[in-house]
Amino acid sequence: MSVLEKVRPAPQQPAATAREPRITDESGRRIRVWELLLRYLLLLGVLALTVGPFLWQLSTSLKGPTEDIFSSPPRFLPSDPTPHNYERVAETIPVWDYALNSLKVALANVVTNCVGAALAGYALARLRYRGRRVATLVFILTMLVPVEGIIIAQFTTMRELGLNNTLIGVLLPGCVSALNVLLMRNAFLDLPYEIEEAAYVDGANVWQRFLRIALPAVKGTLAVVAIFAFMGAWDDFLWPLIVLSDPANFTLTIGLNYLHGTFANDERLVAAGTIIAVAPLIVLFACLQRYFFRGVGEGAVKG
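Keep in mind it's a predicted model, so treat the numbers as computed, not measured.

(A) A look at the overall build of the chain. Of the regular secondary structure elements, the chain holds 14 helices and zero strands. Helices and strands in the chain line up, N terminus first, as α-α-α-α-α-α-α-α-α-α-α-α-α-α. Per-residue burial for the chain yields a buried fraction of 33% across its 303 residues. The contacts in the chain between residues at least 6 apart in sequence include a share of 72% that link residues at least 24 apart. With the model as given, the accessible surface of the chain reaches about 19400 Å², and the carbon-plus-sulfur share is 66%.

(B) Spotlight on a nonpolar patch on the surface. On the surface, a nonpolar cluster with roughly 660 Å² of combined accessible area is contributed by L41, L44, L47, V51, L55, F76 and L77. Mapped onto the secondary structure, L77 falls in the loop between α2 (33-61) and α3 (84-92). A residue is classified by how much of its surface remains accessible, and L77, at 62% relative accessible area, is exposed.

(C) Fine view of the layout of surface pockets. Approximately 920 Å³ is the volume found for the largest pocket. Around the largest pocket, the lining is made up of 33 residues, and of these V147, P173, G174, V176 and S177 lie nearest the centre. Elements that contribute at least two residues to the lining of the largest pocket include exactly α4 (95-126), α5 (132-144), α6 (147-160), α7 (167-171), α8 (178-189), α11 (219-235) and α12 (238-243). The class makeup of the residues in the lining of the largest pocket is 20 nonpolar, 11 polar and two charged.

(D) Structural context of the pattern of salt bridges. Summed over the entire model, instances satisfying the criterion amount to two salt bridges. Between R126 and E196 there is a salt bridge, with the nearest N and O atoms lying 2.6 Å from each other. Linking R126 in helix α4 with E196 in helix α9 (residues 193-201), this pair joins segments that are 70 residues apart in sequence. Note on R126: relative accessible area 8%, which makes it buried. In this structure, E196 and R209 form a salt bridge, with 3.4 Å as the shortest nitrogen-oxygen distance.

(E) Here's a closer look at the packing of α4 against α8. For the pair α4 and α8, interaxial distance at closest approach is 7 Å and the crossing angle is 50 degrees. One element, α4, and the other, α8, form an angle in the oblique class. Crossing geometry of α4 relative to α8 is assigned as right-handed. Contacts from N113, A117, A118, A120, G121, Y122, L124, A125 and R126 in α4 reach N180, V181, M184, R185, F188 and L189 in α8.

(F) Up close: the environment of F237. Here F237 shows up in the loop between α11 and α12. Sequence-wise, F237 and T253 are 16 residues apart; in three dimensions their C-alpha atoms are separated by 5.8 Å. Among residues more than four places away in sequence, those in contact with F237 are T253, I254 and N257.

(G) Up close: the packing of aromatic side chains. On inspection of all chains with the given rule, the structure shows six aromatic pairs. Geometrically, the ring pair formed by Y122 and F188 is edge-to-face, given 5.4 Å between the ring centres and 85 degrees between the ring planes. Of this pair, Y122 sits in helix α4 while F188 is found in helix α8, placing the two residues 66 residues apart along the sequence. Residue Y122 shares its accessibility class with F188, and that shared class is buried.

(H) Here's a closer look at the side chain of S102. For S102, the position within the fold is in helix α4. S102 has contacts with W234, T251, L252 and T253, leaving out every residue within four places of it along the chain.

(I) Broad picture of the nonpolar core. Residues V89, M184, F188 and L252 are the most contacted members of the largest nonpolar core, which totals 49 residues. Examining the composition of this core, we find that 12 residues originate from one element, α4, more than from any other. Here V89 is in contact with V95, L259, L269, A272, G273 and I276, once residues within four sequence places are set aside.

Quick notes on the rules
- Residues numbered from 1 in each chain as written.
- Predicted model: local features only at pLDDT ≥ 70, side-chain atom pairs only at ≥ 80, totals over all residues.
- Heavy atoms only, no water.
- Helix = DSSP H or I, 4+ residues; strand = E, 2+ residues; numbered from the N terminus.
- Buried < 20%, exposed > 50% of the residue type's maximum accessible area, 1.4 Å probe, protein only.
- Contact = heavy atoms within 4.5 Å.
- Areas by Shrake-Rupley, 256 points an atom, 1.4 Å probe, with all protein chains shown as cover.
- Patch = residues over 30% accessible without salt bridge, like charges linked within 9 Å, V, L, I, M, F, W, Y side chains within 5 Å.
- Salt bridge = Lys/Arg side-chain N within 4 Å of Asp/Glu carboxyl O.
- 1 Å grid on protein atoms, 1.4 Å probe; cavity = no way out; pocket = protein on both sides within 12 Å on 5 of 7 lines; lining within 4 Å.
- Points joined across faces, edges and corners; volume = space filled by probe spheres on them.
- Nonpolar A, V, L, I, M, F, W, Y, C, P; charged D, E, K, R; others polar.
- Axes fitted to C-alpha atoms, helices over the stretch in contact; angles between N-to-C directions.
- Parallel < 35°, antiparallel > 145°, perpendicular 65-115°, else oblique.
- Left-handed = near helix turned anticlockwise from the far one by under 90°.
- Phe/Tyr/Trp six-rings, centres within 6.5 Å; stacked < 30°, edge-to-face > 60°.
- Core = buried A, V, L, I, M, F, W, Y, C linked by side-chain atoms within 4.5 Å.

Okay, here's the thing in structure tokens:
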């Protein structure tokens, strides 16, 4: 081979064709196009099933008395939106008084569940004492008992305590939920023991370790507990219906029942009352959604 052949530059190869971008999931596995389309179709179907009824109720509540809400094909958007149905709800029943009663019960339920579930969850997860496993099993078994099976006993207890027909009687049976206790327990179990051991060596007692170390680390799970407690108290219908008899103490769910009974033919009023009942839950979740999704991971149920 001659010297010229040795120093002659090699012929340039054609540029490699650009590789098509790959669609992968969280673990790096490639996703085919039809799989991606199927996922989006399923998500759209779930969205239609969950959000669709709420949007239809919102549309119905804004339709005027001359607009046919049972037209075929149905019209989703109102031709002449009006808030008059909400004014009629307030004229028919004292809806804002009922909403205030529900707000009192719901906020009190949030406070009692956050405090009680945090204390009980910390005791089950971090403290060492005899019978801890049995206590955890009791909380798990409590979740298996249906509410309808113990509601007569609850009513008898409230009557013996003189709390029938009071908002305290509505609050007391659900002031600490077994599910919330287990959520807090699992969240506290995820905390490294070395942090508390270092605090113990520095002289921190149990309350200091709970308030200054453990509790700030599970704020997300506390937000989950707060949302669950608020929703459970705000949407509860059966227990307030049984324990309350004075209309002045009715919660919103009981008060809105009068719209179904007296004005069953006017679906616009029922839809407006439904939106009034659901709106606070949407606002609450919108404010706490960041902590909610973080807390779901903190308090995930472990084996």
